[in-house]
Structure formats: structure tokens, C-alpha cells
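If you want the building blocks of each chain, they are given just below.
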Amino acid sequence: MRLGISLLLATIGGAGMWAVVVVLPAVQAEFGIDRAAASVPYTATMVGFAAGNVLVGRAIDRMGYWIPALASAAALSAGFLLASLTTSIIGFTLAQGLLIGLGTSAIFGPLIADISHWFNRRRGVAVTAAASGSYLAGAVWPIVIPYIMGGGGWRFVYAAIGVFCLVTMVPLVLMLRRGAPREAAGSSGSRPVQPISLSPSALQMLLVVAGFGCCMAMSMPQVHIVAYCMDLGYGVARGADMLSIMLAAGVVSRIGSGFLADRIGAVKTLLIGSALQCVSLLFYIPFDGLASLYVVSLIFGLSQGGIVPCYAIIVRDYMPAREAGQRVGIVLMATIFGMAVGGWMSGWIYDLTGSYAAAFLNGIAWNLVNLSAVLVLMWKARRGAEVLA
């Protein structure tokens, strides 16, 4: 029941990540600014989202999930309502970053960390299911928002989302007031911290490097697939379809990776996902026909969807439970920064070369950095297990 509520909460709260993308052209037209300036609110949202994963994660380690989540839901709702009343792009950007981005963070890293406390044997599936909420939000909100915006404009959409989030998320958060169970050593069903020949700080740094590298690579198709399709002459609609296929396949990948992590371990599952992502990125370069791009986008979604949740599972497997919120938040912050920097870098490389081929190669190079970090992680985990034996 808690997992179901968490998934619904993440799907609703995920509006904070996707609404600004959908209304961007309307905001640009109303404020009379260029595309670069209109993109700043999205960047501010991602910065607030990244910071919130650490700040809210730290708060849930100290006081449980529901109080920080309740404050975040209120901030998210207030952000949408205030953004709907702004008269300048600066005010809109501040509302996005300080309130919407920060408020949305409670439904990602902190939520994943919280749900990890409630499962032992099926922790991998539970974590990946909770993490799927952000992808489900990406599949639902971009479809719903244009219909509402057609009748009342972007300001009405933002006000409506603000009210909707308030009246739905607050009751859902209040249903999660029960504190997370504390595992007693040797208790029935308890899952002890697994051995690894790394200090917690070194392990976290390795995960930060791996997370940043994988999302630098991941951002290339996710951020630029629509523009890539336009360059190839296929149009915006085809690119949007491919993005939807990626996200839908990502949900399948996340759940499947959870089952796999419960069977073979999160580190091995992470290695498989990272390797498959690297191969699928390589496929984008020679296969640029319309039908083949649909297939490659499907393969890419099935490859990368389960990667990010694996970091949270690894944190819970190899680090103390009392530090889960903060540790997961820091690692996921690195993945968010990887998406933000990677999206910008791919566009910068395109401007320099006039082609996305070099941008795909850049993504593959960062994916190799990620794979190197994961291989070191696997080696250290194996050594830790040998020492314990």
C-alpha cells in the first residue's frame, strides 16, 4: 500500500519537472524573449531539484519522510500558483527554481530512500517501482497539459496544477506518516549492510562519478531526440513520439532491473544497464532512418531506465540505513547535474560541428567513464566479500 501511494505521489508531483518544458514556447512568446532566455527557468528547476534531493534527503534521515514531504508539496503548489501570477521571466525563473524545483525533489531521491526502508527481499523491485513515478509523470503530464492550455493558456494551467497538487498530494503524504521500521541486528528478515573494501565516502564518490558519467551519456538522446529528428527532416511529432517510447520503455526497464537486482545484485545489474546503454548510443550513429530510429529509441529506453535506481539500491546495500536519505540524495544530485550538463554540452558540440554525430560520440565517451567506475565498484565489492569469507 505504501509503495502504491508513493508511486501515485511521484506521478502527480512529477508535474514540476515537465510543465516548464511544455509551456516554454508560450512563456517565450508572452515575455518576448529568445529561446536561450526561455530555457533558463528549466535550468533553474533542475538546479533546485538537484539541491532538494540532498536537503530533503538529509531532513528525512532526521525526522522521517512525511514532514519534509508535506513542506515540499506545499512549496510545489505555491510555486505553480506564484508562477502563474509572475509578470517577468525573472520572477517565473525564481518560482521554478526556489519552489517548484525544490518541491519536486521530495518525490524522487527522498521518496526512493524512504521506500527502501520498507522492503528487504524485494527491495530492488520496490525502489525501481517508486522511481518509475518520474517517468510515468513524463508520459502523462505532457499529454494532459496541452489540452488544458488550449482552453485557458499557460497561466491557467499553472494555477490549476498548483491547486491539484495541493488537494491531492497533502492527503497522500499524510497517509505516509508512519515511521520507517528500524532493522534490529539478527531480526527475522533483516538485511545487513554488505561488505565492500571501500570507505563510505570513497564509495559515495565512486557512485557520484558513475552517476554523472551515465547521465551525461543518457542526456544526449533524451534532450536532443526531437531536434535530431527535425534535422533529419522527420518533424517534431516524430521526435516527440520517440521520446515517449523512451520513457515508456524506461518504466519497463526500471521494473525489470528491480527484479534482476534482487536476483544477481544491484552492482551487476548496473553494469549490464550501463553496457547496454553504451551499445544503444552507438546504434544511433549509423541507423538514422525513421523506422530504425524508433527501434533504437525503444532499445535505448529498455537499456537505460533501470540505471539510476540501481545507485539507490547500492547505497542501501553497502551503507548504513540511517544515512540513506542524504547518501541517495547526493548520488542522485550527481545524475541530475549529469543530465543538465550533458544536455547543454551536446547542443554546444552540435553548434561547433553542425552534426549530432560528435555529440553521440561524446556521450559514448562519458558512458565509458561510467563503465570504468562500475567495474571498480564491482572489483571492490568482490574483494569485500572475499575478506568477509
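Along every chain, residues carry numbers that run from 1 in the direction the sequence is written. With pLDDT at 70 or above as the cut-off, local features in this predicted model cover only qualifying residues; side-chain atom pairs require 80 or more to be listed or tallied, and sums for whole chains, interfaces and linings still use all residues. Only hydrogens and water are set aside; all other atoms, that is, all heavy atoms of the structure, feed into the side-chain values.

### Thoughts on the overall build of the chain
(1) Moving on: Within the chain, the regular secondary structure consists of 14 helices and zero strands.
(2) Moving on: Secondary structure elements are defined from DSSP: runs of H or I of at least 4 residues count as helices, runs of E of at least 2 residues count as strands, and each element is numbered from the N terminus. Listed by position from the N terminus, the elements making up the chain come as α-α-α-α-α-α-α-α-α-α-α-α-α-α.
(3) Moving on: Using C-alpha atoms as the atom set, the radius of gyration is obtained and then compared with a globule rule of 2.2 Å times the number of residues to the power 0.38. At 20 Å, the chain has a C-alpha radius of gyration in line with the 21 Å of a compact globule built from 389 residues.
(4) Moving on: Dimensions of the chain, computed from C-alpha atoms along their principal axes, come out at roughly 65 × 50 × 30 Å.

### Considering a nonpolar patch on the surface
(1) Moving on: Exposure above 30% relative accessible area and the absence of a salt bridge qualify a residue for a patch, where like charges join within 9 Å and nonpolar side chains (Val, Leu, Ile, Met, Phe, Trp, Tyr) within 5 Å. Each accessible area is a Shrake-Rupley estimate made with a 1.4 Å probe; only the visible protein chains count as cover when residues are assessed. Within this document, salt bridges are pairs made up of a side-chain nitrogen of Lys or Arg and a carboxyl oxygen of Asp or Glu, the two lying within 4 Å of each other. Together, L81, V163, F164, L166 and V167 give the surface a local cluster of nonpolar side chains, amounting to about 410 Å² of exposed area.
(2) Moving on: As for its placement among the helices and strands, V167 is situated in helix 7 (residues 123–174).

### Looking at helix 5 (residues 89–104)
(1) Moving on: Note that bend, as reported per residue, equals the angle between axes fitted to the 7 residues terminating at that residue and the 7 residues originating from it. At Q96, helix 5 shows its maximal kink, close to 35 degrees.
(2) Moving on: Residues of helix 5 that are buried include every one of I89, F92, T93, A95, Q96, G97, I100, G101, G103 and T104, and no others. Whether a residue is buried, partly exposed or exposed follows from its accessible area with a 1.4 Å probe, protein chains only, as a fraction of its type maximum: under 20%, in between, or over 50%, in that order.

### Considerations on the packing of helix 10 (residues 266–283) against helix 11 (residues 290–304)
(1) Moving on: Between N-to-C directions, angles cover 0 to 180 degrees, with each direction set by a line fitted to C-alpha atoms, over the stretch in contact for helices. Direction vectors running N to C along helix 10 and helix 11 enclose 160 degrees, while the axes themselves pass 8 Å from each other. Taken together, the axes of helix 10 and helix 11 lie roughly antiparallel to each other. For the pair helix 10 and helix 11, the crossing hand works out as left-handed. Here G273, L276, Q277, S280, L281 and F283 of helix 10 lie close against helix 11, whose contacting residues are V296, I299, F300, S303 and Q304.
(2) Moving on: All amino acids are sorted into three groups, where Ala, Val, Leu, Ile, Met, Phe, Trp, Tyr, Cys and Pro are nonpolar, Asp, Glu, Lys and Arg are charged, and the leftover types, Gly among them, are polar. The class makeup of the residues in the contact of helix 10 with helix 11 is six nonpolar, five polar and no charged. What sets the label is the angle itself: under 35 degrees gives roughly parallel, over 145 gives roughly antiparallel, 65 to 115 gives roughly perpendicular, and the rest give oblique. Each helix crossing is assigned a hand: it is left-handed if the near helix lies turned anticlockwise from the far helix by less than a right angle, otherwise right-handed if that turn is clockwise. We call two residues contacting when some pair of their heavy atoms lies within 4.5 Å.

### Digging into the packing of helix 10 against helix 12 (residues 307–318)
(1) Moving on: Closest axis-to-axis distance for the helix 10/helix 12 pair is 9 Å, and the angle between their directions is 160 degrees. One finds that helix 10 runs roughly antiparallel with respect to helix 12. Two packed elements cross with a definite hand, and for helix 10 against helix 12 that hand is left-handed. Between helix 10 and helix 12, the contacting residues are A266, V267, T269, L270, G273, S274 and Q277 on the first element and I307, C310, Y311, I313, I314, D317 and Y318 on the second.

### Observations concerning the packing of aromatic side chains
(1) Moving on: What counts as a ring pair is set by centres within 6.5 Å for rings of Phe, Tyr and Trp (its six-membered ring), and what kind of pair is set by the plane angle: stacked under 30 degrees, edge-to-face over 60, tilted for all other angles. A full pass over the atoms with the stated rule returns 14 aromatic pairs.
(2) Moving on: Ring geometry for W141 against F164: centres 6.2 Å apart, planes inclined by 75 degrees, an arrangement best described as edge-to-face.
(3) Moving on: Take W141: its relative accessible area is 9%, and that puts it in the buried class.
(4) Moving on: With relative accessibility at 39%, the residue F164 sits in the partly exposed group.
(5) Moving on: Both rings, one in F212 and one in W366, keep their centres 5.5 Å apart while their planes meet at 80 degrees; by these two values the pair is edge-to-face. Residue F212 is located in helix 8 (residues 200–231), and its partner W366 is located in helix 14 (residues 357–388); the two are separated by 154 residues in the primary sequence.

### Notes on the pattern of salt bridges
(1) Moving on: The final tally for this structure, using the stated rule, is four salt bridges.
(2) Moving on: E30 is the partner of R155 in a salt bridge, and the nearest nitrogen-oxygen pair spans 2.5 Å. Separated by 125 residues along the polypeptide, R155 in helix 7 and E30 in helix 2 (residues 15–31) bring together distant segments of the chain.
(3) Moving on: Overall, E30 belongs to the partly exposed group, its relative accessible area being 42%.
(4) Moving on: Here R123 and D317 are joined by a salt bridge, their closest N and O atoms 3.5 Å apart.

### Some points on the layout of surface pockets
(1) Moving on: Definitions used throughout: a 1 Å grid over protein atoms alone; a cavity as a set of points that fits a 1.4 Å probe which cannot get out; a pocket as an open set with protein on both sides within 12 Å along at least five of seven lines; a lining residue as one with an atom within 4 Å of a point. Grid points are joined across faces, edges and corners, and a volume is the space filled by probe spheres set on the points. A volume near 1,900 Å³ is recorded for the largest pocket.
(2) Moving on: Elements supplying a minimum of two residues to the lining of the largest pocket: helix 2, helix 3 (35–63), helix 7, helix 8, helix 9 (236–264) and helix 13 (324–353).
(3) Moving on: Per element, the largest residue contribution to the lining of the largest pocket is nine residues, and it comes from helix 13.
(4) Moving on: Grouping the constituent residues of the lining of the largest pocket by class yields 32 nonpolar, 10 polar and four charged.
(5) Moving on: What the second largest pocket holds in volume is close to 340 Å³.
(6) Moving on: If you go around the second largest pocket, you meet 19 residues; those closest to its centre are Q194, I264, G265, K268 and Y318.
(7) Moving on: Broken down by secondary-structure element, the contributors of at least two residues to the lining of the second largest pocket are helix 9, helix 10, helix 12 and helix 14.
(8) Moving on: Partitioning the lining of the second largest pocket into residue classes produces nine nonpolar, three polar and seven charged.

### Structural notes on the environment of L290
(1) Moving on: For L290, the location among the structural elements is in helix 11.
(2) Moving on: Separated by 63 residues in sequence, L290 and A227 place their C-alpha atoms 14 Å apart.

### Here we look at the nonpolar core
(1) Moving on: Note on terminology: a nonpolar core comprises buried Ala, Val, Leu, Ile, Met, Phe, Trp, Tyr and Cys residues joined through side-chain atoms within 4.5 Å. Counting 108 residues, the largest nonpolar core has F92, Y158, I161 and M218 as its most contacted members.
(2) Moving on: It is helix 7 that provides the largest number of residues to this core, a total of 16 residues.
(3) Moving on: Setting aside residues no more than four positions away along its own chain, F92 makes contact with V20, V23, V27, F31, P41, A83, T86, W154 and Y158.

### A look at the confidence of the model for the chain
(1) Moving on: Looking at any residue, its pLDDT shows the predictor's confidence there, from 0 to 100. Of the residues in the chain, 96% have a pLDDT of 70 or more, and the chain-wide mean is 88.
(2) Moving on: Scored below 50 in pLDDT, residues 184–189 shows two contacts in the model against residues more than four places distant or in partner chains.

### Side note on helix 10
(1) Moving on: One fewer than the residue count of a helix, multiplied by 1.5 Å, yields its expected span. The terminal C-alpha atoms of helix 10, which comprises 18 residues, lie 26 Å apart, in line with the 26 Å expected from a rise of 1.5 Å per residue.
(2) Moving on: If you check which residues of helix 10 are buried, you get A266, V267, T269, L270, G273, S274, Q277, C278, S280 and L281.

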